[in-house]
Amino acid sequence: MGPLVNAQTPNPASSVHKAIQNHTNTIFDSLVAIRRDFHKHPETGGHEKRTAEFIEGYLKGLGLEVKSGIGGYGVVGILKGNPNGKKIAWRADIDAMPWDTPETGEFASTTDGVRHICGHDVHTTIALGMANVLVNQKEQLNGTVYLIFQPSEENYHGAQDMIADGLFDLISPDEMYAAHISPMPAGLVASKPGYLYADYKQINISFEQNQEQDSIIAFTKDLLLKLQNVAPDGKFWDTQNLMDPNIGIGNPNTIFKDYTTISNNIKVEEEDKSITVIAFVSASNKKRMDSIPELLRQQIAKSKYADDLIDIIYASKIFTYSPERGNIDNDGPLTTEAIETISGIYGASSAIPLYGAIPDGRGDDFAYFQQEIPGTYFLLGGSNFEKGIIAMPHSDSFKVDENCIKTGVNYFSSLILERVNN
Ligand SMILES: [Zn+2]
Ligand SMILES: [Zn+2]
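Residues numbered from 1 in each chain as written. Chains lettered and ligands numbered in written order. Predicted model: local features only at pLDDT ≥ 70, side-chain atom pairs only at ≥ 80, totals over all residues. Heavy atoms only, no water.

### Considerations on the coordination of the zinc ion (ligand 2)
The zinc ion (ligand 2) binds to the protein through Cys118 (SG), His120 (NE2) and His180 (NE2); the donor distances cover 2.0 to 2.3 Å. We note that the donor set of the zinc ion (ligand 2) lies within a single chain, spaced as C-x1-H-x59-H. Separating the zinc ion (ligand 2) and the zinc ion (ligand 1) is a distance of 3.1 Å, and cysteine 118 donates to both of them. With histidine 120 in helix α3 (residues 120–136) and histidine 180 in strand β7 (residues 175–185), this residue pair connects regions lying 60 residues apart in the sequence. There is no split in this pair, since histidine 120 and histidine 180 are both buried. (Donors = N, O, S within 2.8 Å, 3.2 Å for Na, K, Ca; no water. Helix = DSSP H or I, 4+ residues; strand = E, 2+ residues; numbered from the N terminus. Buried < 20%, exposed > 50% of the residue type's maximum accessible area, 1.4 Å probe, protein only.)

### Observations concerning the coordination of the zinc ion (ligand 1)
The coordination sphere of the zinc ion (ligand 1) contains the protein donors Cys118 (SG), Glu154 (OE), Glu154 (OE) and His394 (NE2), at a distance range of 2.0 to 2.6 Å. Between the 4 donor atoms coordinating the zinc ion (ligand 1), the angles at the centre fall across 54 to 151°, so the site counts as irregular. The sequence motif formed by the donor residues of the zinc ion (ligand 1) is C-x35-E-x239-H. (Tetrahedral: all angles 85-135°; square planar, octahedral: opposite > 155°, others 65-115°.)

### Section: the packing of aromatic side chains
Two numbers describe a pair of aromatic rings. These are the distance of the centres and the angle of the planes. One pass over the full model with this rule turns up 14 aromatic pairs. Note on phenylalanine 236 and tryptophan 237: the rings are 5.0 Å apart at their centroids and 80° apart in plane angle, and the pair reads as edge-to-face. Ring pairing ties together the aromatic residues Phe168, Tyr197, Phe366, Phe369 and Tyr377, which thus form one cluster. Lysine 201 extends its terminal NZ or CZ atom over the ring of tyrosine 314, reaching a point 5.8 Å from the ring centre. (Phe/Tyr/Trp six-rings, centres within 6.5 Å; stacked < 30°, edge-to-face > 60°. Lys NZ or Arg CZ within 6 Å of the ring centre and 35° of its normal.)

### Observations concerning the side chain of glutamate 175
You can see glutamate 175 is positioned in strand β7. Looking at glutamate 175, its side chain comes within polar contact range of the side chain of lysine 86, at 2.6 Å. At 2.7 Å, the side chain of glutamate 175 forms a polar contact with the side chain of tyrosine 177. (Polar contact = N/O pair within 3.5 Å; in protein donor to acceptor, adjacent residues only side chain to side chain.)

### Topic: the domain arrangement of the protein chain
Per the domain assignment, the segments of the protein chain are domain 1 (12–195 + 327–421) and domain 2 (199–314). Computed over C-alpha atoms, the centres of domain 1 and domain 2 are 35 Å apart. Taken as a group, Tyr195, Tyr355 and Pro359 account for 46% of the area that domain 1 buries against domain 2, more than any other trio of residues on that side. The tally of links between domain 1 and domain 2 comes to 6 residue pairs in polar contact (both at pLDDT 80 or more). (Domains from an automatic or database assignment. Buried area = accessible area lost by both parts, 1.4 Å probe.)

### Concerning empty space enclosed by the protein
With the rule as written, the count across this model stands at 1 cavity of 30 Å³ or more. Of the voids in this model, the largest cavity is the one considered here, and its volume is about 30 Å³. Every residue along the wall of the largest cavity is listed here: Trp90, Arg91, His123, Ile126, Ala179 and Leu380. Elements that contribute at least two residues to the lining of the largest cavity include exactly β3 (87–93) and α3. Of the residues that constitute the lining of the largest cavity, the class distribution is 4 nonpolar, 1 polar and 1 charged. (1 Å grid on protein atoms, 1.4 Å probe; cavity = no way out; pocket = protein on both sides within 12 Å on 5 of 7 lines; lining within 4 Å. Points joined across faces, edges and corners; volume = space filled by probe spheres on them. Nonpolar A, V, L, I, M, F, W, Y, C, P; charged D, E, K, R; others polar.)

### Digging into the packing of helix α2 (residues 49–61) against α3
Across the interface, α2 lies against α3 with an axial gap of 10 Å and an inter-helix angle of 15°. Between α2 and α3, the angle falls in the class roughly parallel. Of the two possible hands of crossing, α2 and α3 adopt the one that is right-handed. In this structure, α2 uses Phe54, Ile55, Tyr58 and Leu59 to contact α3, whose residues at the interface are Thr124, Leu128, Ala131 and Asn132. In the contact of α2 with α3, the residues fall into 6 nonpolar, 2 polar and no charged. (Axes fitted to C-alpha atoms, helices over the stretch in contact; angles between N-to-C directions. Parallel < 35°, antiparallel > 145°, perpendicular 65-115°, else oblique. Left-handed = near helix turned anticlockwise from the far one by under 90°. Contact = heavy atoms within 4.5 Å.)

This is the structure:
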């Protein structure tokens, strides 16, 4: 068979993406040097002074309008095109984390007890590269691009602090995107509509105090434990299986979807006139999570303790060690479209849909931006298994295949350009 597409026909849509890739290639070495510099000089949440100063200088050097000191060391670069066009934001987190095990290697952390082992040095570098590439393609942009550099992600404060400090008075994005390094191979990005990580909530079931207290507690604990629909000793609990081709999150039949789990340490709090049974619930999607209080209410209503029930609520008022937190909740149509856009430009194996929600307690405070602006949070592959590089965030041996910087700058610059012009 001959070629299906006549290679002679120029494709204007792809020429801009070719230009993006060419420009990324020319700045790639400088981006690697920037990433290594960030890596050598990590700063924890609230202390990202040096990092923010570098970002500000780099963006100003590109000629962007820059706003700094937003919610701490937050920085925003604004690339203005047609004021009537769409406004698209990209967010990178910039903080490192406290980590006691020292690092070795040529660009090891020079700050005791602080390391970039969540890859935010890579995220920051990618966003700087995107700024550079998109400035270079300014003539092709029919709208506005915002590059948001967020401090304090690890302590889950930075996004809320930037919003509280008036971020959305300064800028008004129509859509907002972000990515996080993950153990997938470099060259691959992935996402899914809805929750990418399981959500966690504290549920409080309170009853009037009475003679039957012990049996009410036992009954309620039993109801809670019956909500869990995964075996306590099964494959679900081994996070190695998240990447498994047959049961992992990339397979439509993954075991990591449609689940509810209940933590074992169910607690009981006694107050003056009430007793409250408290548990931690985790669910793979919002609908499931939202349905649980009503489900319990119905079962209690059918029991002999119906009249003793006071209330069932999600709240973290009693124990403060596990505050409720925002959860990544990707916009359905935008996420499907974004994956199609990237894989349409860079090939079917560049961007893939996921089907399961990751259950090991991870999260990202990009969730708070998503409560304001629709968009997508991607996982960006950073591993190179042949070279023994596994980009598992928060692990001692965290390493990154720096080629993922190129992938990130290319894929996400192309995506932002397509969204602005959409
Ligand atoms: Zn982290
Ligand atoms: Zn992180």
